[in-house]
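Secondary and tertiary structure notes
Residues per chain, in single letters:
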Amino acid sequence: MSNLQQPAWIATRGGPLRGQWHVPGDKSVSHRAVMLGAIAEGTTRIRGFLEGEDTRATARVFEQLGVRIEAPNASERIVHGVGLHGLRAPSGELDCGNAGTGMRLLAGVLAGQAFDSVLIGDASLSRRPMRRVTEPLAAMGARIDTDDGGMPPLRIHGGRRLHGIDYALPVASAQVKSALLLAGLYADGETVVREPHPTRDYSERMLAAFGWPIAFAPGQARLSGGHVLRACDVEVPADFSSAAFFLVAASVVPGSELLLRAVGLNPRRTGLLQALRLMGADITEQNPGSHGGEPVADLLVRHAPLHGVDVPVTLVPDMIDEFPALFVAAACASGRTRVSGAAELRVKESDRIATMATGLRALGADIEERPDGAVIEGGRLHGGDVNSHGDHRIAMSFAIAAQLADGEVRIGDVANVATSFPGFDALATGMGMGLAAA
Ligand code: S3P
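Residues numbered from 1 in each chain as written. Predicted model: local features only at pLDDT ≥ 70, side-chain atom pairs only at ≥ 80, totals over all residues. Heavy atoms only, no water.

1. Considerations on the nonpolar core
Stated formally: Among the buried residues, those of types Ala, Val, Leu, Ile, Met, Phe, Trp, Tyr and Cys that are joined through side-chain atoms within 4.5 Å form a nonpolar core. Classification of residues uses two cut-offs on accessible area relative to the type maximum, computed with a 1.4 Å probe and protein chains only: under 20% is buried, over 50% is exposed, and between them is partly exposed. Helix and strand assignments follow DSSP, with helices taken as H or I runs no shorter than four residues and strands as E runs no shorter than two, numbered in order from the N terminus.
Of all hydrophobic cores here, the largest spans 81 residues; its most connected members are Trp9, Phe246, Leu276, Leu326, Phe327, Ile411 and Phe424. Per-element accounting of this core gives the leading share, 10 residues, to helix 7 (residues 240-252). Within the second largest apolar cluster, 65 residues are counted, among which are Ile39, Ile165, Tyr186 and Met206.

Have a look at this one:
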């Protein structure tokens, strides 16, 4: 296969990153707001909804399940909830697109329905492991068939009686935790989920905001079936994972001074902030506030020389989506950066250890792949061709790398950037980065 699939970007050194900007809404919160709004009693208004392909796919799925969803303005949705038992059997397959979060959380919701359903996804999602959700859901009484190897499509049999379980997750995963909690809404008895390391707790916070009794603390959540979700307006904070690319870019490009407004700072998301500060980054938080119960602040980032670090393993779950950006920071830093305990990166939208290592090597970086991470020697980058393998975060990370490369970087297969960050290219060039369609 060609590594220059269309569409592609040509990224080049721009100037310093400057100005005050607002990145789009949080993907995790947007998915959950549509889901809970759909099965709540009453009308949920979502402000700051991410107009990404992933979250739109989730909204479309609920429309197929009989939920009326209005879009009065961009980044706004009004979800007319049908109640816990009001979803209707869909007439066809339910397409989650590229979204692992969409598919895994939907599996939890659909396992509790009276009707059968089939969840499908794009080529990348069709290669992602689903046993991590189907096995514990089966232990709750669900019946879900997968393809060979535990991959999608997920064929979910309706009319099953679910019962709560006490489940210790083998891998820290907010998606699996959330799927089990959503199935737990439909289950008899108590569902308890224990995590090896605390992960993002948006489902727990939002369930509580929608009035469902739930007890949770870092690393553990428990709820029982038999209650009602009551519609609740949701204000979605700006996505830290989208801000992350610009935190790295402004840190490494000399002369940069950038303000990113009202960024969501849920402590289970901000591992990169800590890692960058360990590397010497100059990032300050201003105007702290809260959006729908989530901490937010403006982030002021100024260029600062970065040095390599051993990324603390305890930070890994809190920055699981930010490693492509961190790899770029490491390649532009002085000295060696070591990442370990991050084998989960191999089962994201692409194998992110392999795709980043291959791409960074194509730009002259010295990077050694490890099964659960990498060792990266900082140095100079040159131009070259890289393939994002259809992975949004890989494409955006190489656009950042190009800002320090001596020569043009051609990034292939970038269409999926729209899954999480529509308008990335316009925002990036507005800030001062060099980026154009190939
Ligand atoms: C997410 C959880 C994480 C993250 C993903 C979004 C969520 O996945 O990588 O982008 O919204 O729950 P895992 O649960 O697989 O770690």
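The rest of the description comes next.
2. Here's the deal with unusual backbone geometry
Cis peptide bonds are those with omega within 30 degrees of zero, and the linkage from Pro152 to Pro153 qualifies with 0°. With a phi close to 45°, Ala262 is a non-glycine residue in the positive phi region. When you line up the elements, Ala262 lands in strand 15 (residues 257-264).

3. Quick look at the sheet that holds strand 19 (residues 366-370)
In any sheet, the strands associate via hydrogen bonds between backbone groups, in a parallel or an antiparallel arrangement. Stated formally: Pairing between two strands is assigned when DSSP locates at least 2 bridges connecting them. Geometry is summarised by axes, namely lines fitted to C-alpha atoms with helices restricted to the contacting stretch, and by angles between N-to-C directions that run from 0 to 180 degrees. What makes two residues a contact is simply this: any of their non-hydrogen atoms within 4.5 Å.
If you trace the 3 strands from one edge of the open sheet to the other, you get 18-20-19, paired in antiparallel fashion. In the strand order of this sheet, the two ends are held by strand 18 (336-339) and strand 19, each with one partner. Going across the sheet, the axis of each strand differs from the next one's by a mean of 10°, ignoring polarity. Two elements, strand 18 and strand 20 (residues 373-377), share 4 bridges in a ladder whose sense is antiparallel. Paired with Arg338 across the strands is Val375, a residue of strand 20. Where helix 10 (residues 352-362) meets the sheet, its contacts fall on strand 19 and strand 20, and the angle it forms with strand 19 comes to roughly 160°.

4. What about the confidence of the model for the protein chain?
Detail in the predicted coordinates should be disregarded across regions flagged by low pLDDT. Which entries qualify depends on this criterion: The pLDDT score gives, residue by residue, the confidence of the prediction method on a 0 to 100 scale.
In the predicted model, the protein chain carries a mean pLDDT of 97, and 99% of its residues have values of at least 70. Contacts of residues 1-5 to residues separated by more than four positions or lying in other chains number 9 contacts, the stretch itself having pLDDT below 50.

5. Description of the site of the ligand
Threshold: Nearness of a residue to a molecule or strand requires only that one of the residue's heavy atoms be within 4 Å of it. Pairs of N or O atoms within 3.5 Å make up the polar contacts considered here, provided that, within protein, one atom can donate a hydrogen while the other can accept it, and that residues adjacent in sequence are counted only when both atoms are side-chain atoms. Shrake-Rupley sampling with a 1.4 Å probe provides the accessible areas, and residues are treated as covered by the protein chains on show and by no other component. Definitions used for this entry: grid spacing 1 Å over protein atoms alone; cavity, a set of points where a 1.4 Å probe fits but cannot get out; pocket, an open set with protein on both sides within 12 Å along at least 5 of 7 lines; lining residue, one with an atom within 4 Å of a point. Think of it this way: a molecule belongs to a cavity or pocket when more than half its atoms come within 2 Å of the grid points there.
Near the ligand the following residues occur: Lys27, Ser28, Arg32, Thr101, Arg104, Ser173, Ala174, Gln175, Arg200, Ile320, Asp321 and Lys348. One of the side-chain N or O atoms of Ser173 is found 2.7 Å from an oxygen atom in the ligand. Gln175 has a polar backbone atom sitting 2.9 Å from an oxygen atom of the ligand. Considering the ligand on its own, with 380 Å² of exposed area, one finds that the protein chains cover 95% of that surface. When atoms are counted within 2 Å of each cavity's grid points, the one that captures over half of the ligand is the largest pocket. Listed by contribution, the elements that provide at least two residues to the shell around the ligand are helix 1 (27-38), helix 3 (100-110) and helix 5 (174-185).

6. Some words on the UniProt feature "domain: Enolpyruvate transferase" (unreviewed entry) in the protein chain
As a reminder, the rule being used: UniProt positions are given in the numbering used here, feature names are shortened, and annotations may be inferred rather than shown by experiment.
Mapped onto the present numbering, the UniProt feature "domain: Enolpyruvate transferase" (unreviewed entry) falls on residues 13-424. Between the end C-alpha atoms of residues 13-424 the distance is 16 Å, and the span holds 29% helix and 28% strand.

7. Focus on the UniProt feature "binding site: phosphoenolpyruvate" (unreviewed entry) in the protein chain
UniProt records the feature "binding site: phosphoenolpyruvate" (unreviewed entry) at Lys27, Gly100, Arg128, Gln175, Arg352 and Arg393, using the numbering of this structure. Of the residues named above, Lys27, Gly100, Arg128, Gln175 and Arg393 line the largest pocket. With respect to the secondary-structure elements, Lys27 resides in helix 1. Among residues more than four places away in sequence, those in contact with Lys27 are Leu50, Asp54, Thr55, Asp239, His392, Arg393, Thr419 and Ser420. Mapped onto the secondary structure, Gln175 falls in helix 5.

8. Details of the layout of surface pockets
So the rule is basically this: Grid points are joined across faces, edges and corners, and a volume is the space filled by probe spheres set on the points. The domain boundaries here were taken from an automatic or database domain assignment.
Here the largest pocket is characterised by a volume of approximately 560 Å³. Along the wall of the largest pocket there are 35 residues; nearest its centre are Ala172, Ser173, Ala174, Ile320 and Lys348. Contributing elements (two or more residues each) for the lining of the largest pocket: helix 1, helix 3 and helix 5. The greatest single-element share of the lining of the largest pocket, amounting to 4 residues, is contributed by helix 1. Inspection of the lining of the largest pocket shows a minimum of three residues originating in each of domain 1 (8-24 + 237-437) and domain 2 (27-221 + 231-235).

9. Thoughts on empty space enclosed by the protein
Remark: the empty space left among the atoms is shown by a probe the size of a water molecule rolled over them. Heads up, the rule is: Residue polarity follows a fixed list, in which Ala, Val, Leu, Ile, Met, Phe, Trp, Tyr, Cys and Pro are nonpolar, Asp, Glu, Lys and Arg are charged, and the others, Gly among them, are polar.
Evaluated as defined, the whole model comprises 1 cavity of 30 Å³ or more. Along its surface, the largest cavity is lined by Arg32, Met35, Leu36, Leu105, Leu182, Ser203 and Leu207. Mapped onto the lining of the largest cavity, the elements with two or more residues apiece are helix 1 and helix 6 (202-209). Sorting elements by how many residues they give to the lining of the largest cavity places helix 1 first, with 3 residues. Of the residues belonging to the lining of the largest cavity, the class tally is 5 nonpolar, 1 polar and 1 charged.

10. Focus on the pairing of strand 9 (residues 151-157)
The buried fraction of strand 9 is high, at 5 of 7 residues. Relative to strand 9, strand 7 (residues 117-120) is paired through 3 bridges, and the arrangement is antiparallel. Note on strand 9: the bridge partner recorded for Ser117 is Ile156. As paired elements, strand 8 (residues 143-147) and strand 9 share 4 bridges and run antiparallel to each other. Bridge pairing in strand 9 places Asp147 opposite Met151. Hairpin connection between strand 8 and strand 9: a loop of 3 residues separates the two successive antiparallel strands, and Gly149 in this loop has a positive phi of roughly 80°.

11. What about the environment of Ala217?
Mapped onto the fold, Ala217 is located in strand 12 (residues 214-217). Each C-alpha atom, one on Ala217 and one on Gly430, is 41 Å from the other, the two residues being 213 residues apart in sequence.

12. Quick look at the side chain of His157
Within the element layout of this structure, His157 appears in strand 9. What His157 contacts, discounting residues up to four positions off in sequence, is Phe115, Asp116, Arg143 and Asp145.

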